[in-house]
Each structure stands twice: as structure tokens, then as C-alpha cells.
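One letter stands for each residue in the lines below.
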Amino acid sequence: MLPVRQDQYDQIDKHTLTGLDLVDRYIKFVKERTEIEQNYAKQLRSLSKKYAKRGSKEEQDCKFSNHASLQEILNELNDYAGQRELIAENMVTGICVELSKYLQELKQERKSHLCEAKKAQQGLEGSFKQLESTKKRYAKEWAEAEKATQQAEKTESDLNATKVDVEKAKLHAHMRTHTAEDCRNEYAAQLQKYNKEQNSYYYSEIPQIFNKMQDMDERRIRRLAAGYGLFSDIEKNVLPIITKCLDGISAAGKKINEKQDSMLFIEQHKSGFERPADIDFEDYTQGIRPATSDSSLNPPKVRAKLWPFSKKNKAPAAEDFSHLPPEQRKKRLQGKIDDLTKELQKTQDQSEALEKMKGVYDHNPQMGDPSSLEPQISETAQNIGRLTGEVAKYEAWLSDAVGGEDSSNAINNNTRHRVEAANQAPGIYSEFDDEFEDTETPVGQCTALYTFEGNSEGTVSVTEGEMLSVMEDDKGDGWMRVLRGSGEEGYIPSSYVKHSP
């Protein structure tokens, strides 16, 4: 008799092991899919970078719509690659990592259940062996008892046997019979115990263990089904952004305007030269005369500028751009003036910040040494003077290019206004109140982290925890302008506040 239905146990063992192998296969499948996505995204980024704008600043700032559209397409493709990377990342964290962790838990749980079943099986088998041992002993003792009884009867019937021999034989038979009865009782008790354990094993312990393994396997199936769904859902979640990238690529193609590109090219490269005059007829009947027209067969060297397609060697670039055609020269000069003006304004802002900081240090020596700022202030003042001279020089060249001072003033009115404003800027710090006369809209809100005593001119005192309106952000000098609830306005250190979202 087999104490355990080994075939069913083996089938359950094999089935649950196959289920765990399936989870492991799915994890490996998703990992390979993520590697494909990552490689795909990497190649897309490399492709986008390869065909992005490169070269000189003029090439990078190209304003032709067909050039700009290609750049937009490459940017959208780069964003698209980012979404493929996001898919791979979410699959790794949402599927591979989670299922791998869950798989380890299932393996431990399965091992526990199998050990529990094996332990129950071994217990029943041990009880069965003990039963068999008791049964064999009972059989042996009962045979010995019968033999002793038969011997006693034989001795009693023997006429030659003495009374002592007969009594001794009966006593031995009685003892063997008593021992056999004990073995019989022990066998009966062991049999009852085994039947009870066997009943518990087949009707309680094993069903409970198998139910636990069934529940474990069903949980595995549900979790695996959820993993199958995530494989699709993760990609669906980024489809709106992917669609937006693809729509951006389509929109980039629709933005192209060939007529606008042509006119832009013409505007950028028109020379401004007058068209050549007609060539005069030379009447040889009146004698040979040199042609007097500017468009003779031997034109002066300056006429080389009339032919934009000439293959002559380029002249070295001049600082005043005099090597360029008139229209191009004016554009380049104006562009140079705009760049210098921006740089001048930036330098002036730095000067303002340094002066402001020096004023604070003068009133609050514990915050810093005012003399340490003198080298920077001096250097900034020199840069302002140099840039102002550069602007004036290029404005003079532009005035000459457009044909007179009046034209120059008309063209550069905004530029001169900016330069004059920059030259007057150093006086701002001595008149902080003038900055606050106009009504301004706050650019944000912040909370004071520490108490600040605004003792110097232009600063304002704030207390820890006070809500403030930001009127002017930090420009890199470590200060910002704020408005208190009481209406007081002034500068405080940027590190003393925390911006509100």
C-alpha cells in the first residue's frame, strides 16, 4: 500500500514549476523588448544629431522656412526618441522589476508548500512503518504463544513428564500468550492511530496544502495577466505625446513657404549697386576714340562689384564692412551696433549691481568689504567706456553708408536712445525711489526665510515668515526687489527668501 498518491503530487509540482518558468520567460521577453526600444531611441538621437544644423553661426541662424522645418523635424524626432526611451524605462520598472520580485516570492512560497507536503508525507510514512513493525511483532508473538501452548499440552499428555515439567510448560505458554495479547493491543492501538493520521492526511493536511498551491498559482496567473496588459498600456500612455511629435513633423512640412524663402534670399543678398549703363557706339569712321561710358569693355576695377557671380578671389574682410555691397554693409553695421548695444546694456546692469552691493556693504560692514568691489567696478566702467566708443564708431560708419548724418540719426534713433540710457544708468543707485514710482505688476510671490534689516538706501526690512511680492527677479547680483504688504518696496538678498509655487 502506498501512503501517498505520488502521481498527483508530482503533477502539481510540475504544473506550478511550469507556471514559474512562464513568468521568467515573460520577464526575459520584456527585457529584450526594452533593449530594442533603447537601441532604437539611441539610433534616432544619433540620426537627429547627425543632420542637425552645424557649421558657422550664420548657417545655424538660417531663417529659410525649408531649413527651419528640417530642424523642427529633427527636434520632434529627438522628442519621439525620448518617448521610446520612456517606454523602455517604464517596462523595466513596471514589468521586469516588479515581476522579478514577485517571482522570487512565489518561489519561496512554493518551496514552503512543497516542504510542508513532504513533511506530512514523511510523517504518514513513518507511522505506517511503525504499524508494519507492530503488526510483524504481533504476528511473531502470537505464533510463539501458540507454539508454547501446544508444547504445554504435549508435555501434559506425556506420561513420562514430571509435574514440575508440566507446570513449567504451562507457565511458559501463559507468559507467551500474555505477551502476544500485549502485542495485539499495541498493534490495534497503532492501527487506530495510523488510520486517524491517514484520514487527517488525505482529508485535511494535503487538501489544505494543495488549496494553498492552487491559490498561489491563480495569483501568479492574475499577476501575469496584469503584466500582459501593462505591455500594451505603457505604450498607450505615451501615444498622445508620440502623436503630438508626429503632428509636429507634419506641421513643419506645412510651414514651408517657397515664395517667402526666395524673397528672404533676395533681401539678404541684394547688392544695392546701380545697373550698368548702355555701351556707347564707337564710330570708327570718325577715327578711333576710347569709350567714355562707365560700361566700356575695359571697366575700372571698382566695377567688379557689379557682378555678383564673379569668381575672383575675395578681398579680406574690413572692420567697417566696406568690402560688402552697400545694402549688405548697412545690414552688417546695424547688426554690429545692435550686438554692441546689448553687450553695453548687460555691462551696465553688472555695474548697477556692483554699485548696489557696495552701498549695502557700506551700511552693513558685516556683510562684506566695500573695497573688495573696487577692482570689478573699475573694470566694468572701462568696459562701458570701450563699448560706448565702439557703438559711436560703428554708428559713424553706418551714417556714412546711408549717405549722411540725418539718415544715420533716423535709422539709429532707437540704438542711440539705448546707449544714452546706458550712460545715465550709474545714477540709478543713488535714486532708488525713482524706480518704484511707476505701478508694476508682481512677477511672483515669495516667503522670507530670515529677518533682514534694510538699513542702506534702496533696501527694505523684512521679517522671517513674511509673504512678499516679487517685483524684480535676481539679475545675477544676489539681490531682488520685493513689495511688502504694508506697501514698502526695496531690495533684499535673494538667498533670504523662498519662492512660492
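Cut-offs used in this document
- Residues numbered from 1 in each chain as written.
- Predicted model: local features only at pLDDT ≥ 70, side-chain atom pairs only at ≥ 80, totals over all residues.
- Heavy atoms only, no water.
- Salt bridge = Lys/Arg side-chain N within 4 Å of Asp/Glu carboxyl O.
- Buried < 20%, exposed > 50% of the residue type's maximum accessible area, 1.4 Å probe, protein only.
- Helix = DSSP H or I, 4+ residues; strand = E, 2+ residues; numbered from the N terminus.
- Pairing = 2+ DSSP bridges.
- Axes fitted to C-alpha atoms, helices over the stretch in contact; angles between N-to-C directions.
- Contact = heavy atoms within 4.5 Å.
- Core = buried A, V, L, I, M, F, W, Y, C linked by side-chain atoms within 4.5 Å.

**Student:** How would you sum up the pattern of salt bridges? Please name residues and give values.
**Tutor:** Opposite charge on two side chains permits them to pair, given that their charged atoms come into close proximity. Across all of its chains, the model carries 24 salt bridges by this definition. Among the charged side chains, a salt-bridge network with shared partners connects R33, E37, R84 and E235.

**Student:** Residue-level account of the pairing of strand β3 (residues 479-483), with values.
**Tutor:** The side chains of a regular strand alternate between both faces of the sheet. With four of five residues buried, β3 is to be regarded as a mostly interior element. Sheet analysis places strand β2 (residues 467-472) next to β3, joined by three bridges and oriented antiparallel. Looking at β3, one finds that V470 is bridged to V482. Sheet topology places β3 next to strand β4 (residues 489-493); five bridges connect them, and they run antiparallel. For M480, the partnering residue across the bridge sits in β4 and is I492. Connecting β3 to the next strand, β4, in antiparallel fashion are five residues, including G487 with a positive phi near 100°.

**Student:** Got a sec to walk through the sheet that holds strand β5 (residues 497-499)? Specific residues and values, please.
**Tutor:** In spatial order, the strands read β4-β3-β2-β1-β5; together these five strands make up an open sheet with antiparallel pairing. Of all strands in the sheet, those with a lone pairing partner are β4 and β5, marking the two edges. When strand polarity is set aside, the average angle formed by the axes of neighbouring strands in this sheet is 45°. Note: strand β1 (residues 444-448) against β2, four bridges, orientation antiparallel.

**Student:** I'd like a description of the environment of P370, backed by residues and values.
**Tutor:** Take P370: it is sitting in the loop between α6 (326-363) and α7 (374-402). Expressed as a C-alpha distance, the spacing of P370 and K358, which sit 12 residues apart in the sequence, is 5.1 Å. For P370, the residues in contact, after removing those within four places along its chain, are K358, Y361 and D362.

**Student:** Now, about the nonpolar core: what can you tell me, with residues and values included?
**Tutor:** Y26, I27, V30, Y80, I87, M91 and I95 are the most contacted members of the largest nonpolar core, which has 24 residues in total. Ranked by the residues each element gives to this core, the list is headed by helix α3 (residues 65-157), at 11 residues. With sequence-adjacent residues up to four places away left out, I95 is seen in contact with Y26, V30, N90, S100, G227, L230, F231 and I234.

Nothing here speaks to function; it is geometry throughout.
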